[in-house]
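Descriptive analysis of the structure
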Amino acid sequence: QVRLVESGGRLVQAGGSLRLSCAASGHTFSRYAMGWFRQAPGKEREFVAAISWSGGGTLYADSVKGRFTISRDNAKSTVDLQMSSLKPEDTAVYYCAASLKYGRDDDDYTYWGQGTQVTVSS
């Protein structure tokens, strides 16, 4: 069992920056690839970014590429999402997730956090 707790979500103006953090506890953190997903009101959950077990590989959705950066610290069991140049369309609940498989498919992610709200005002 892996417990994930996100933090850092808040209201921010368009063009601003925000850093989300996810703290993991339970099984060995470095066994898991980690991902960030988001869900806006009335929309399906979508992939945002993923990072491989060691942090050597990263994946991004086209909509956030060049603006968001995912990173992890296996010693601290944390994964962060640095978001910049935020747009109103980035408004969503952001979820941290853990998977034994590295990829974009949310079906592969076994453990999920409770989510943190990010609201970007125009």
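Located above this text is the structure these notes cover.
Our subject in this report is the structure included herewith. (Residues numbered from 1 in each chain as written. Predicted model: local features only at pLDDT ≥ 70, side-chain atom pairs only at ≥ 80, totals over all residues. Heavy atoms only, no water.)

Attention now goes to the sheet that holds strand S8 (residues 78–83). Strand order in the open sheet made by the 4 strands is S1-S3-S8-S7, with antiparallel pairing throughout. Among the strands making up the open sheet, the edge pair consists of strand S1 (2–7) and strand S7 (68–73). Within this sheet the neighbouring strands show an average axis-to-axis angle of 15 degrees, counted without direction. Note that S7 and S8 share 6 bridges and pair antiparallel. Residue pairing for S8: Phe68 is matched across the bridge by Met83. (Pairing = 2+ DSSP bridges. Helix = DSSP H or I, 4+ residues; strand = E, 2+ residues; numbered from the N terminus. Axes fitted to C-alpha atoms, helices over the stretch in contact; angles between N-to-C directions.)

Now for the pairing of strand S3 (residues 18–26). Every regular strand shows the same layout, with side chains that alternate between the two sheet faces. Where S1 meets S3, 6 bridges bridge the pair, whose relative direction is antiparallel. Bridging across to S3, Val2 finds its partner in Gly26. Two strands pair when backbone bridges link them, and S3 and S8 are joined in this way by 6 bridges, in the antiparallel orientation. Directly across from Leu20, in S8, lies its bridge partner Leu81.

Here we take up the nonpolar core. Of all hydrophobic cores here, the largest spans 36 residues; its most connected members are Leu4, Met34, Trp36, Val79, Leu81, Met83 and Tyr94. Among the elements of the structure, S1, S3, strand S4 (33–39), strand S5 (46–51), S7, S8, strand S9 (92–99) and strand S11 (116–121) are those that each provide at least two residues to this core. If near-sequence neighbours (up to four positions away) are discounted, Tyr94 is found in contact with Glu6, Leu20, Trp36, Phe37, Arg38, Val48, Phe68, Leu81, Met83, Gly115, Thr116 and Val118. (Core = buried A, V, L, I, M, F, W, Y, C linked by side-chain atoms within 4.5 Å. Buried < 20%, exposed > 50% of the residue type's maximum accessible area, 1.4 Å probe, protein only. Contact = heavy atoms within 4.5 Å.)

Here we take up unusual backbone geometry. A positive phi is found at Ser77, a non-glycine position, where the angle reads about 60 degrees. Examined against the element boundaries, Ser77 turns out to sit in the loop between S7 and S8. In this structure, Ser85 takes a positive phi of about 50 degrees despite not being glycine. By the element assignment, Ser85 lies in the loop between S8 and S9.

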